[in-house]
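A structural walkthrough
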Amino acid sequence: HGGQQEFQVTYSSLLTQPLSIFVIVIPIDSAGLRNEQTGDVYRKPTNAADAAVELQFWLSLLETLAHDVNQVAVVANIFAGTSTKDRESHVTQLRRVMRSHRGDSQTETEGCVKFACDEPIVLDASSSTEWRSSGNLLGHLQQASSALQEASDAGSLDLTMPALCQPLFNAIPRVRRRGPLIQDAASAILAVREELGRIVEGLSDTALETLLDYAEQCGEIMLSREPTRATGKLQKTGLALVIWDPNWFTT
């Protein structure tokens, strides 16, 4: 799903299950689709840079909250009208983002994403009537499922909470005691890094913001966001303030 509120309960449940496979589908449509008579935009054109930002967001979320054995498949769905040049440009950017999250497979760096396929799976299936190629998607998902079932430590995994959440929840009371109870985004992220140390040293600030988002959903803290930039008609927001004690109004 695209982050819709009505699916958040299901999504949060999937994040806490170690035997989940996440499929991130990035649309690649350089032409877009609009009604020539009314001007209504049915599908906005995409560009390689925005596609990379979108994939970066979802991988940072999974890197922060998902279990270490979760499998992730990145799918580039090509829409009709997209040129070969635009297709390759999008896929190249997606590949770069995946490599930045893969880490060193030899050392199994904590926080790195385990991909079902090392490359973006290119899917030409913009609709049931325009199906051209599956990119062997089902085959890759079957391999991911097998990898999950064969995980040597799958039986001992914590089924109730992603690995990084409990250390953060344990650290929040210490941050409250240190004060202040309200911090700007940069100061709050620095406080998290100081408290958790090596546990989060390989994570980006974006990943830590995602972890704070999860803490807010669990009622541990409150966040305040502010507009950053507009993309088309969509207004982007960024983390502005972190309120470490949700009850600070009354206390």
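Worth saying up front: this structure is predicted, and the values here are computed from it rather than measured.

Rules used throughout
Residues numbered from 1 in each chain as written. Predicted model: local features only at pLDDT ≥ 70, side-chain atom pairs only at ≥ 80, totals over all residues. Heavy atoms only, no water. Helix = DSSP H or I, 4+ residues; strand = E, 2+ residues; numbered from the N terminus. Polar contact = N/O pair within 3.5 Å; in protein donor to acceptor, adjacent residues only side chain to side chain. Core = buried A, V, L, I, M, F, W, Y, C linked by side-chain atoms within 4.5 Å. Buried < 20%, exposed > 50% of the residue type's maximum accessible area, 1.4 Å probe, protein only. Contact = heavy atoms within 4.5 Å. Pairing = 2+ DSSP bridges. pLDDT = per-residue confidence, 0-100. Salt bridge = Lys/Arg side-chain N within 4 Å of Asp/Glu carboxyl O. Expected span 1.5 Å × (residues − 1).

Side note on the side chain of Q183
Its location among the elements puts Q183 in strand β7 (residues 182–184). A distance of 2.8 Å separates the side chain of Q183 from the side chain of W244, its partner in a polar contact.

Observations regarding the nonpolar core
Among soluble globular proteins, nonpolar side chains are generally buried collectively. Of all hydrophobic cores here, the largest spans 25 residues; its most connected members are L168, L212, I221, V242 and W244. Elements with a contribution of two residues or more to this core: α5 (165–178), α6 (185–196), α7 (205–217) and β9 (234–243). What W244 contacts, discounting residues up to four positions off in sequence, is I172, V175, R176, P180, L181, Q183, A188, A191, V192, L212, E220 and I221.

Quick look at the pairing of strand β1 (residues 21–28)
Burial along β1 is one-sided: F22, I24, I26 and I28 are buried, while I21, V23, V25 and P27, pointing the other way, are not. Here β1 pairs with strand β4 (residues 71–78) via eight bridges, running parallel. Bridge pairing in β4 places F22 opposite V72.

Describing the confidence of the model for the protein
For the protein, the mean per-residue pLDDT works out to 75, and 71% of the residues sit at or above 70. Under a pLDDT of 50 for its full length, residues 104–110 has, in the predicted model, three contacts with residues more than four places off or in other chains. Note on residues 152–161: pLDDT under 50 across the span, and 15 contacts to partners over four residues away in sequence or across chains.

Looking at the pattern of salt bridges
Considering all chains together, one arrives at seven salt bridges under this definition. A salt bridge links D213 to R225; its shortest N-O distance comes to 2.6 Å. With D213 in helix α7 and R225 in strand β8 (residues 222–231), the pair connects residues that are 12 residues apart, well separated along the chain. Residue D213 is classed as partly exposed on the basis of its relative accessible area of 24%. Judged by its relative accessible area of 40%, R225 falls in the partly exposed class. A salt bridge links R225 to E216, with the shortest nitrogen-to-oxygen separation between them at 3.2 Å. E216 sits in the partly exposed class, given a relative accessible area of 26%. Linked by salt bridges that have partners in common, R174, R178, E194 and E195 make up one network.

Let's talk about unusual backbone geometry
Peptide bonds are trans in most cases, and residues, glycine excluded, mostly fall at negative phi. Residue P180 follows G179 across a cis peptide bond; omega there is -5°. With respect to the helices, strands and loops of the structure, P180 is situated in the loop between α5 and β7.

A closer look at the pairing of β4
The buried fraction of β4 amounts to eight of the eight residues, a majority that puts the element mostly inside the structure. Residues Q71, A73, V75 and N77 point to one face of β4 and V72, V74, A76 and I78 to the other, with burial holding for every one of them. Here three bridges tie β4 to strand β6 (residues 121–123), and the two strands are oriented parallel to one another. Paired with N77 across the bridge in β6 is L123.

Describing the side chain of T82
Structurally, T82 is set in the loop between β4 and α3 (84–102). When its relative accessible area of 16% is taken as the criterion, T82 is described as buried. A distance of 3.3 Å separates the side chain of T82 from the backbone oxygen of I28, its partner in a polar contact. Separated by 3.4 Å, the side chain of T82 and the backbone nitrogen of S30 make a polar contact.

As for α7
Residue pairs three or four apart in sequence face the same way in an α-helix, which turns once every 3.6 residues. Between its first and last C-alpha atoms α7 spans 19 Å; for 13 residues at 1.5 Å apiece the expected length is 18 Å, and the two agree. Turning to α7, its buried residues number three or more, namely A207, L208, T210, L211, L212, Y214 and A215. Just past α7, the residue G219 takes up positive phi, approximately 85°.

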